[in-house]
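# Tertiary structure, described
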Amino acid sequence: MVGFSRLVSVFCTIFTSFTVLSLATTSVAGSSDLCNSSDSGPVKPTTPLISFLERLQSAALGSFGPVNFDPKLYVDLPLKHDLLSTEDAFKNLFRSVNGSVSRQKLEMFLDKYLGNAGSDLVPVEPTDYAPEPAGFLPKVENPEVRAWALEVHSLWRNLSRRVSGEVKKRRERHTLLPVPGPTIVPGSRFKETYYWDSYWIIRGLLVSKMYNTAKSIVYNLISLIDAYGHVLNCARTYCTNRSAMVFDIYRRTGDLELVRRSLPSLLKEHHFWNSGIHEVTITDAQGVRHTLSRYYAMWNKARPESATIDKETASSIHDASEKKYVFRQIASTAESGWDFSTRWMRNSSDLATLATTSIIPVDLNAYILKMETVISFFARIVGENSTAVKFSRASHSRQAAMHSIFWNPKKSQWLDYWLKANSTCKEAHKWKSCNQNKNIFASNFIPLWIDFFHSDNTLIEEVVQSFQSSGLLHAAGIATSLSNSGQQWDFPNGWAPLQHLIVEGLAKSGSRKARLLAEAIAVRWIRTNYAAYKKTGVMHEKYDVEGCGKIGGGGEYVTQTGFGWSNGVVLAFLEEFGWPRDREIACQK
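Residues numbered from 1 in each chain as written. Predicted model: local features only at pLDDT ≥ 70, side-chain atom pairs only at ≥ 80, totals over all residues. Heavy atoms only, no water.

Moving on to the state of the cysteines. Considering all chains together, one arrives at one disulfide under this definition. Through a disulfide, Cys 548 is tied to Cys 587; the S-S separation comes to 2.0 Å. Judged by the torsion about the S-S bond (-75 degrees), the Cys 548/Cys 587 disulfide is left-handed. With a gap of 39 residues between them, Cys 548 in the loop between β14 (542-544) and α18 (564-577) and Cys 587 in the segment after α18 connect regions that are remote in the sequence. Classification of Cys 548 by relative accessible area gives partly exposed; the value is 26%. A relative accessible area of 30% places Cys 587 in the partly exposed class. (Disulfide = S-S within 2.5 Å. Helix = DSSP H or I, 4+ residues; strand = E, 2+ residues; numbered from the N terminus. Buried < 20%, exposed > 50% of the residue type's maximum accessible area, 1.4 Å probe, protein only.)

In this description, an aromatic ring pair is defined by two values, namely the gap between the centres and the angle between the planes. Inspection of the entire model under this criterion finds 28 aromatic pairs. The interplanar angle of 25 degrees and the centroid separation of 5.1 Å between the aromatic rings of Phe 109 and Tyr 113 together place this pair among those described as stacked. With Phe 109 and Tyr 113 both in helix α4 (residues 103-113) and four residues apart, this pair spans about one turn of that helix. By relative accessible area, which is 3% here, Phe 109 ends up buried. We classify Tyr 113 as buried; its relative accessible area is 15%. Residues Trp 273 and Tyr 295 carry aromatic rings whose centres are separated by 5.7 Å and whose planes lie at 90 degrees to one another, so their mutual orientation is edge-to-face. (Phe/Tyr/Trp six-rings, centres within 6.5 Å; stacked < 30°, edge-to-face > 60°.)

The next point concerns the pattern of salt bridges. Applying the stated criterion to the full structure yields 22 salt bridges. Across the pair Glu 519 and Arg 583 runs a salt bridge whose closest N-O atoms are separated by 3.2 Å. Separated by 64 residues along the polypeptide, Glu 519 in helix α17 (residues 512-536) and Arg 583 in the segment after α18 bring together distant segments of the chain. In this structure, Lys 542 engages Glu 541 in a salt bridge whose closest nitrogen and oxygen atoms are separated by 3.1 Å. Judged by its relative accessible area of 0%, Lys 542 falls in the buried class. Within the structure, one salt-bridge network assembled from shared partners comprises Lys 72, Asp 76 and Glu 192. (Salt bridge = Lys/Arg side-chain N within 4 Å of Asp/Glu carboxyl O.)

So this is what it looks like as structure tokens:
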């Protein structure tokens, strides 16, 4: 996103609670010291439909086996009949001595009683799509790259969906949440709107001049805030316990009505992240009290979309309270968008040691800082001056807090902070340098994206030098962390959102050296996306940054294709930096 000195240019840049990467090896503080002694937070209730689909998911794993098994598929299935008759039919399926259902019987049941995953979202032609929009990527002079960029642009048509009328008519049969307008989905198994993804999808839509589609996504997210008080991680009933953050548009359209309609929802979203369980008070080394935010999912059970996986993760834990704690940490990590990474783990080899609620994350607070600046700007242009002043002050307070709590002058990076133990994690904590996570993650450099920090030239030069020597920069882009843990938000994976946040931060920092570095990273990223596309015919969710054209891996599901945020970031990079006629697009030896 563009920096805040040019706030007008980004529009609704707001929230984005997911993001980033990390490394964390073993303990940052001893496990007995962390804020993890009990699970006492709030829990949103599940629904009868979700409970049934989780049982179906478990039965499907037994019938079909673990090979290529995707648990999300089963909680996305719509019912063809009412829940009561579907449950009765499921109970009456013949089961073997060990309680399993034969593959044939379960396939027959699924065919009769459930629709296909994604069938409650129907393809729709975007009304503002043009094969080659006027003014499309004028700085892309290389004809080969331009032809590919138009192919990427055309992918918006493949990913355009609207909620079917059946969802609105019989909501009790669907986990899909109805949103009012068309949307762009990420792709593959991600068949619904995702908050985190939407920001980079919108950035690409703006390059594609598809302003109405971009606005529709914003209005859909506003509808979720109006219904649930915050933007959900995804538009499914099983995501009403988690959030993320994301996005938008004002500079391109000058649409003040969009600002007026958005502002009340942005205030709700800000309140969600700055009250109750998400709010943390910490006293710095000079005795000054600061307030920052953390992830804390309102969920302490297995995630419905990954219930079979989560139960396996916690299978060695027998104490009911400890198991709930682990499930809350898993859900909170998913809320962050970094699911999963050693960044959140006390023991880098054991996913059950996730401790996300005990961490004050750099990136989350950077996003909220940007949100506060945007709200202040929006409030001012619509005449709500008291709100503008309030959020200007809030942004300056958060900037000071980030400097006091996260900034490490020896490393010239902003570091996550691990909380010390108490039963509620609510009273003021006392800052200690040993509780900063000294491991290197891409998230340590996300504050570069915030204009607030660009006024300090010395700081920018120190951060750029630290980033260049961090070990994160590789042949095909920025790695998420230095830890090759097998988790997808760790080395060697690179993710489009992280490339974009850091590259845009470098490019807008005011430093010529930083901008040249930003362009070099963007060129590497564009080349690896191009090479993989030419080999496979698709855009991918993540890439292996060790080699040009290598596709990413790891995590709890196979790498997905489509892919909304990858498309958006490639288009955004090409718009910002262009591609000279004489620059090769092929991987460089």
